Amino acid sequence: MILGTLFTRRSRVQLFLLITALLPASLMAGQTTPDPVRILTLQDFKPFIWCEEGTPKGIDIDIIRVLFERAQRSYTLECQPWKRALNLIKTGRADMLLSAYKTEERQQFAYFSSLPIHLSSFNLFTPRGQHFKFTGIESLNGYRIGIPAGYSLGAEFDAASKAGAFKVSPSYSTESGLMMLLKGRIDLYIDSKQVVRYTANQIGLNEAISMVQQPLSKPRPAYFMFSKASTVVEKQNLLAILDESLAQVWSDGTMERIVKAYTHPDSHQESRLFNSLFPLVSYHTYSR
């Protein structure tokens, strides 16, 4: 009886040792692999971001791949309409959004990267042969203007629009905005210069439109947004790592190589934009 009891105890110990030897070290230490970061993207902002058969592509997507590879974190990418994407970030049902302009309203529910993920210049476009001179927001008074749905084009523009100085019609893609312009449904279309040029070239409308040379404003920095309501494990640490990696991407030539692969710009263009912007960007902490 005693020998039987000893044998049973010894068998139990051996079985326990066998099981624990087969378990991953992370489980033995009480650790689990963090869930992938859920990243949402714009659907049509070529060449920075676009979705092709549900697959996100573009400059910003390539940059994110680099950042998360350096952070050694997994992630998923989803294409979502802009307004729905903002709501998912606001409520914490998604973690990250590419890419957005920084506004006071958005800073209430999201963190922004310390440095931009890209810079874009917004210009006005007219049908070929129709000339317009832009001298300031007041010169838009009385016009019918198309802009990307859900976009903020700056405090002055947004205030004038809200006051009814001009009529704004949202477009849900750059292509639809250009078609609205050419069909006479709007007088002017405002969008990123890079995006319109890329799209117009893709659909054969380069000769049908003209760009007003005076931009709506200085080149605007766009950032990645991270939901304050996100439940991502070690969120603050992840954001700090992504910030540090993004600064490296700007400074080590990675940004220029990625942009050039899509747009073939002057090899020094992005560096000049970055150098002019860098002194104006202050790093913030995510613990506030």
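For the structure given in this document, a descriptive report is provided here. (Residues numbered from 1 in each chain as written. Predicted model: local features only at pLDDT ≥ 70, side-chain atom pairs only at ≥ 80, totals over all residues. Heavy atoms only, no water.)

1. Overview of the overall build of the protein
Operational definition: Numbering of helices and strands starts at the N terminus; helices are DSSP runs of H or I of at least 4 residues and strands are runs of E of at least 2. Relative accessibility thresholds used throughout: buried, under 20% of the residue-type maximum; exposed, over 50%; partly exposed, between the two (1.4 Å probe, protein chains only). In this description, contact between two residues means that some pair of their heavy atoms is separated by no more than 4.5 Å. Each accessible area is a Shrake-Rupley result for a 1.4 Å probe, and residues are judged covered by the shown protein chains and nothing else.
Counting its regular elements, the protein contains 11 helices and 14 strands. The buried share of the protein, reckoned over its 288 residues, is 45%. Residue pairs at least 24 apart in sequence account for 72% of intrachain contacts in the protein once pairs closer than 6 positions are excluded. Accessible surface, the protein as shown: approximately 15700 Å² in total, 53% of it carbon and sulfur.

2. Considering the packing of helix H7 (residues 174-182) against helix H8 (residues 193-203)
Test applied: Only the contacting stretch of a helix is used when fitting its axis, a line to C-alpha atoms as for every element, and angles between N-to-C directions run 0 to 180 degrees. Each angle is binned into one of four classes, with values under 35 degrees roughly parallel, values over 145 roughly antiparallel, values of 65 to 115 roughly perpendicular, and all other values oblique. Ten residue types, Ala, Val, Leu, Ile, Met, Phe, Trp, Tyr, Cys and Pro, are classed as nonpolar, four, Asp, Glu, Lys and Arg, as charged, and the remainder, Gly among them, as polar.
Between H7 and H8, whose axes approach to 10 Å, the crossing angle comes to 80 degrees. Of the possible angle classes, the one that applies to H7 and H8 is roughly perpendicular. Along the contact surface, H7 presents Thr174, Glu175 and Leu178, while H8 presents Val195, Val196, Thr199, Ala200 and Ile203. Class assignment for the residues of the contact of H7 with H8 results in five nonpolar, two polar and one charged.

3. Let's talk about the sheet that holds strand E2 (residues 44-45)
Think of a sheet as strands paired side by side through backbone hydrogen bonds, with each pair either parallel or antiparallel. Let me state the cut-off plainly: One bridge is not enough; two strands pair if DSSP finds at least two bridges between them.
With antiparallel pairing, the three strands of this open sheet are ordered in space as E2-E3-E4. Either end of the sheet is taken by a strand with one partner, and the two such strands are E2 and strand E4 (55-57). Note that strand E3 (residues 49-52) and E4 share three bridges and pair antiparallel. In the strand pairing of E4, Trp50 is matched with Lys57.

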